[in-house]
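This is what each chain is made of:
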Amino acid sequence: MMIFEKYGPAALQNHTHKEKRVQKCEADPVAVREELGSREHKGKSVIYENFSSRLAIPAGVQLPIKACQQNTHTKVSTEHNKECLINISKYKFSLVISGLTNILKNVNNMQPKDTMRLDETMLVKQLLPEICHFIHTYREGNQHAAELRSCASGVLFSLSCNNFNAVFSRISTRLQELTVCSEDNADVHDIELLQYISVDCSKLKRLLQETVFKFKALKKVAQLAVINSLEKAFWNWVENYPDEFTKLYQTPQTDMADCAEKLFDLVDGFAESTKRKAAVWPLQIILLVLCPEIIQDIAKDVVEETKMNKKLFLDNLRKALAGHSGSRQLTESAAIACVKLCKASTYINWEDNSVIFLLVQSMVVDLKNLLFNPSKPFSRGNQNADVDLMIDCLVSCFRINPHNNQHFKSALDWWPRIDAVYCHAVELRSMFSDTLHRAMQGCGAHPAIRMTPSLTFKEKMTSLKFKEKPTDLETRSYKFLLLSLVKLIHADPKLLLCNPRKQGPDSQGSTAELITGLVQLVPQSSMPDIAQEAMEALLVLHQLDSIDLWNPDAPIETFWEISSQMLFYICKKLTSHQMLSSTEILKWLREILICRNKFLLKNKQSDRSSCHFLLLYDVSGSGTSQMSLDHDAPGATLRKGKGNSSMESTAGCSGTPICRQAQTKLEVALYMFLWSPDIEAVLVAMSCFRHLCEEADIRCGVDEVSVHNFLPNYNTFMEFASVSNMMSTGRAALQKRVMALLRRIEHPTAGNTEAWEDTHAKWEQATKLILNYPKTKMEDGQVTESLHKTIVKRRMSHVSGGGSIDLSDTESLQEWINMTGFLCALGGVCLQHRSSAGLATYSPPMGPLNERKGSMISMVSTEGSVETPVSKFIDRLLTLMVCNHEKVGLQIRTNIKDLVGLELSPALYPMLFNKLKNTISKFFDSQGQVLLTDTNTQFVEQTIAIMKNLLDNHTEGSSEHLGQASIETMMLNLVRYVRVLGNLVHAIQIKTKLCQLVEVMMERRDDLSFCQEMKFRNKMVEYLTDWVMGTSNQATDEDVKCLTRDLDQASMEAVVSLLAGLPLQPEEGDGVELMEAKSQLFLK
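Reading the values: rules and limits
Residues numbered from 1 in each chain as written. Predicted model: local features only at pLDDT ≥ 70, side-chain atom pairs only at ≥ 80, totals over all residues. Heavy atoms only, no water. Helix = DSSP H or I, 4+ residues; strand = E, 2+ residues; numbered from the N terminus. Contact = heavy atoms within 4.5 Å. Polar contact = N/O pair within 3.5 Å; in protein donor to acceptor, adjacent residues only side chain to side chain. Salt bridge = Lys/Arg side-chain N within 4 Å of Asp/Glu carboxyl O. Buried < 20%, exposed > 50% of the residue type's maximum accessible area, 1.4 Å probe, protein only. Phe/Tyr/Trp six-rings, centres within 6.5 Å; stacked < 30°, edge-to-face > 60°. Lys NZ or Arg CZ within 6 Å of the ring centre and 35° of its normal. Axes fitted to C-alpha atoms, helices over the stretch in contact; angles between N-to-C directions. Parallel < 35°, antiparallel > 145°, perpendicular 65-115°, else oblique. Left-handed = near helix turned anticlockwise from the far one by under 90°. Nonpolar A, V, L, I, M, F, W, Y, C, P; charged D, E, K, R; others polar. pLDDT = per-residue confidence, 0-100. Expected span 1.5 Å × (residues − 1). Patch = residues over 30% accessible without salt bridge, like charges linked within 9 Å, V, L, I, M, F, W, Y side chains within 5 Å. Areas by Shrake-Rupley, 256 points an atom, 1.4 Å probe, with all protein chains shown as cover.

Let's talk about the environment of Lys-340
Working step 1: Assignment of secondary structure puts Lys-340 in helix H19 (residues 328-345).
Working step 2: Taking the C-alpha atoms as reference points, Lys-340 and Asp-392, separated by 52 residues in sequence, lie 8.3 Å from one another.
Working step 3: Apart from the residues within four sequence positions on either side, Lys-340 is in contact with Glu-231, Trp-235, Pro-282, Ile-285 and Ile-286.
Working step 4: At 3.2 Å, the side chain of Lys-340 forms a polar contact with the side chain of Glu-231.

The following block contains the structure:
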């Protein structure tokens, strides 16, 4: 009872007979019930019991007693109180329920609950008056009135999105007050809130219904406020919920149309005078647009009486547009109303309601004549030309029919011409340069590079005109201004290219600085919108008519200089992995190459003096040279050299022409995209080779030199390009095709050599990350990027950072596999580039066996002391053949086996054979005993698989290189090692594979070289015949028995291949002993 007294109502606590009734209830509750004997009381008792039972959750929750405080006495007391309350409720039901309700309220207040909505509503009601005050301050002449009004209206719009009822209630209340207000100048500020609130279809309907209900009772000033504000509320709806408006014409809403029609009639009745008509026509056209069926009805010849006022309204609109209304006010209002009709029709589909478009067409001619009168541009009152209304008209007409260019002809006479701004190109360029500098500094990037006098892309820090770093707000402002300037370049390049009073070198310098700035923006991931716009601007600057403006005095030379610098810089960024979304950038680069070729094709005969830029490869691989061809131009003599000072690049190799560097860097970038895991990136790179070839075709046509002087690997590049059009297969098949084409690369160039070396460096880094996973840690506290971040990024994807690689990311591992295949396939050309002495000095013995002699290899040894990158790569591959990484060891071993055996360049075969021979020879001690270990066995097994794939796979050009290194010693050591493995399952499998390798080897014996062939073959026969023991039927295990039979068959086939045409030739002996040895060999 103490709890009840504490939380119950005061009336119950002060009841004078409380204790007596409680005692009576406790003594004999049954007697009390019989005494009262009322069905009503019994019904209330049942209600209470149900009420109480539903609350019969733990007592600490039902009543404010904490569970931790409950003991036996407390529980008994609680149950006792419940029984008392049930009995009291028989005759004081309402009082008990009231008390329990208050208890529940207190309990609820003790527990967390969501009061956000209630609090939010209260806050909105408190906030609204303050917001409305700021909206209306513009009338008071406050110097910040416009800014306050703009901010406050934005807040009101946001509030109305989730608290529409609170805002609507304020407006509705004010409307109701104005219906009974007798003042002519009543305050209508709250009505004007209509134009700032967020409305959807249902909310707009509510506004229309409220207006219809109260419009007639309002005073004129309030009616005009409603008319003006409702029209703006309509546009709020259309612009924020365009789909709803479009759907209105697909599925007409009768209730919306009824409200709009009623309000139209009310407003039409209000428009008694010319002045009032001019005020209401813009709203009337909107109300008519909300009635699709009425628009169709009034377009007919016969119109119902109730709709005659709508038809008359449209007729008056047409008359006013044509200038037949006799009132300037009506003409201006008709123009505004028709522009709003055109604008509204752009949200409607033609097939949903063609009548409204016919209505627009019937007015648009007069509308344009009125708005775009050259002698008298349209204006309201005494104001200047109403440019906003003209823009709305033109944009709407264009959206209705975008293919009709006649829209803009009427506007050309008065529309400001862009060429009036061309004279300010210097100021615009200066503004662009300064804004770029500040924006880059604000983003923490390096300041924009500046052109050196030689017009190269040498990156150097320039002194800033300001010392302090811009604030975040200033940086955002600079970014916005920079974006606008770049869009300006995109829209009309002449704005910044115009140099009316500058000489050739000055024009070239200003153009170079402009393009430099744009190129700097391309890799800026912190400004993606500006970077994209900069790419578009650069593409526009590479159009034919734009390139001519770079330097009209010397367009060809300027093109080569500036475009090559840009190409060099972009490709350098791509190959140094400083760009996200690099696939998209490569697509853009392909468009740049197309533009370059169009310009070259147009000008290839116009200025032959430009041919000193047409550089020739030294196909022998000794480098490149610059060639100037002698023409009629003064001072153009045939010479070779490092080039003049204007062509030397400080951005790359000193003394090399920048256009040569650019082409080399482009080749490097395209090669390195070939190992991307992104199929699209690979195909785009392959397609770019076509444009390299097209450029070579154009350049070689100038002086009829061979195209291979420009592109030594022209034919293979064309194959890459053709494959890019046909390939529509998966990643594995595409990579296999890429590696096949890479093996066809015949001539080493600066491009393919640099691409191989850069890829090799990345491959080494990636290999270390993989082998150290997951133990790779950050060194010296410097966070290094993960594998996928440190290689060329093909997509906007990220792998876990911190200097480690997440092997669950298949893209990273696949990229490593692709790099491995790339290095294997292209390695032969790089080996050829580094060795001036040819390796192919040996011709394997051909012809009948009796004419063949055991030959000694006359080639230059591939085991020189110089460790080339290719040699290091092969060594690394051999170590990875036995990789035992717990997570990806099997994948690495499998891929190394397949890639080395199937995709290795044939030029690397001799080096591979020698390195395999040297490695396997270490598996024997000084006495020739086998050093049997799991790792050695694994290496032997991998070697057997690689050699079999290599010999079985008749790769193009393999015959030329197979014989350049003997495999006799390696094969004999393989057999010696394998023969001691025993007869376990795995050992039998290895022996079987070795026998199959021997058989394949003998099939290719004409391509292979043997130092002592007969002796070698006899020795192999001796070893292999020991395996044919006929013991396959003695094995107890069925698996072993089956494998043993396979080994028997494989060894017999290998022996047969070895014996074919083989004379009996024992190792030693003479005379009788020799004959006996031959007999034993024969019997064997």
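Quick word on the pattern of salt bridges
Working step 1: Under the criterion given, the structure shown has 28 salt bridges.
Working step 2: Note that Lys-300 and Asp-297 form a salt bridge whose closest N and O atoms lie 3.7 Å from each other.
Working step 3: Given a relative accessible area of 27%, Asp-297 falls into the partly exposed group.
Working step 4: Between Glu-695 and Arg-699 there is a salt bridge, and its shortest N-O distance comes to 2.9 Å. Placement of both Glu-695 and Arg-699 in helix H31 (residues 679-703) is noted, with a separation of four residues, approximately one turn of the helix. Just as Glu-695 is buried, Arg-699 falls in that class too.
Working step 5: Connected through shared salt-bridge partners, Glu-261, Asp-265 and Lys-310 make up one network.

Considering the packing of aromatic side chains
Working step 1: All told, the structure shown has 24 aromatic pairs when counted by the stated rule.
Working step 2: A centroid spacing of 5.1 Å and a plane angle of 25° characterise the contact between Phe-689 and Phe-720, whose relative ring orientation is stacked. Linking Phe-689 in helix H31 with Phe-720 in helix H32 (residues 714-726), this pair joins segments that are 31 residues apart in sequence.
Working step 3: Among the residues examined, Phe-720 registers a relative accessible area of 0% and is labelled buried.
Working step 4: Over the ring of Phe-168 we find Arg-206; its NZ or CZ atom is 4.4 Å from the centre of that ring.
Working step 5: Its end group placed over the ring of Trp-235, Lys-343 keeps NZ or CZ at 4.9 Å from the ring centre.

What about the packing of helix H40 (residues 934-952) against helix H42 (residues 968-978)?
Working step 1: As a packed pair, H40 and H42 sit with axes 11 Å apart at the nearest point and diverge in direction by 135°. Classified by the angle between their axes, H40 and H42 sit oblique to one another. Relative to H42, H40 is oriented so that their crossing is left-handed. Residue-level contacts link Asn-936, Thr-937, Val-940, Thr-943, Ile-944 and Met-947 of H40 to Met-970, Leu-974, Tyr-977 and Val-978 of H42.
Working step 2: Of the residues in the contact of H40 with H42, the class split is seven nonpolar, three polar and no charged.

A short note on the confidence of the model for the protein
Working step 1: When pLDDT is averaged along the protein, the result is 75, and 71% of the positions lie at 70 or above.
Working step 2: Confidence drops under a pLDDT of 50 for residues 1-69, and excluding neighbours within four residues, the segment shows 92 contacts in the predicted structure.
Working step 3: A low-confidence stretch, residues 777-804 (pLDDT under 50), is modelled with 69 contacts involving residues beyond four sequence positions or located in other chains.

Re helix H23 (residues 472-491)
What sets the pattern is the α-helix's 3.6 residues per turn: residues three or four places apart point alike.
Working step 1: The terminal C-alpha atoms of H23 lie 28 Å apart, and with 20 residues this matches the ideal 28 Å at 1.5 Å per residue to within 8%.
Working step 2: For H23, the set of buried residues is Thr-475, Tyr-478, Leu-482, Leu-483, Leu-485, Val-486 and Ile-489.

Considerations on a nonpolar patch on the surface
Working step 1: Taken together, the side chains of Val-387, Ile-391 and Val-395 define a hydrophobic patch exposed on the protein surface, amounting to about 190 Å² of accessible area.
Working step 2: The topology assignment puts Val-395 in helix H21 (residues 387-400).
Working step 3: On the basis of relative accessibility, which here comes to 34%, the residue Val-395 falls in the partly exposed class.

With respect to the packing of H40 against helix H43 (residues 985-1003)
Working step 1: Here H40 crosses H43 at 30°, and the two axes come no closer than 9 Å. The angle between H40 and H43 places the two elements in the roughly parallel class. At the point where H40 passes H43, the crossing takes the left-handed sense. Contacts from Thr-937, Glu-941, Ile-944, Met-947, Lys-948, Leu-951 and Asp-952 of H40 reach H43 at His-986, Ile-990, Lys-993, Leu-994, Gln-996, Leu-997, Val-1000 and Met-1001.
Working step 2: For the contact of H40 with H43, a count of residues per class yields eight nonpolar, three polar and four charged.

Considerations on the side chain of Thr-759
Working step 1: With respect to the helices and strands, the residue Thr-759 is situated in helix H34 (residues 750-772).
Working step 2: Overall, the relative accessible area of 0% leaves Thr-759 in the buried class.
Working step 3: Dropping the residues within four chain positions of it, Thr-759 is found in contact with Met-672, Trp-675, Met-819, Phe-822 and Leu-823.

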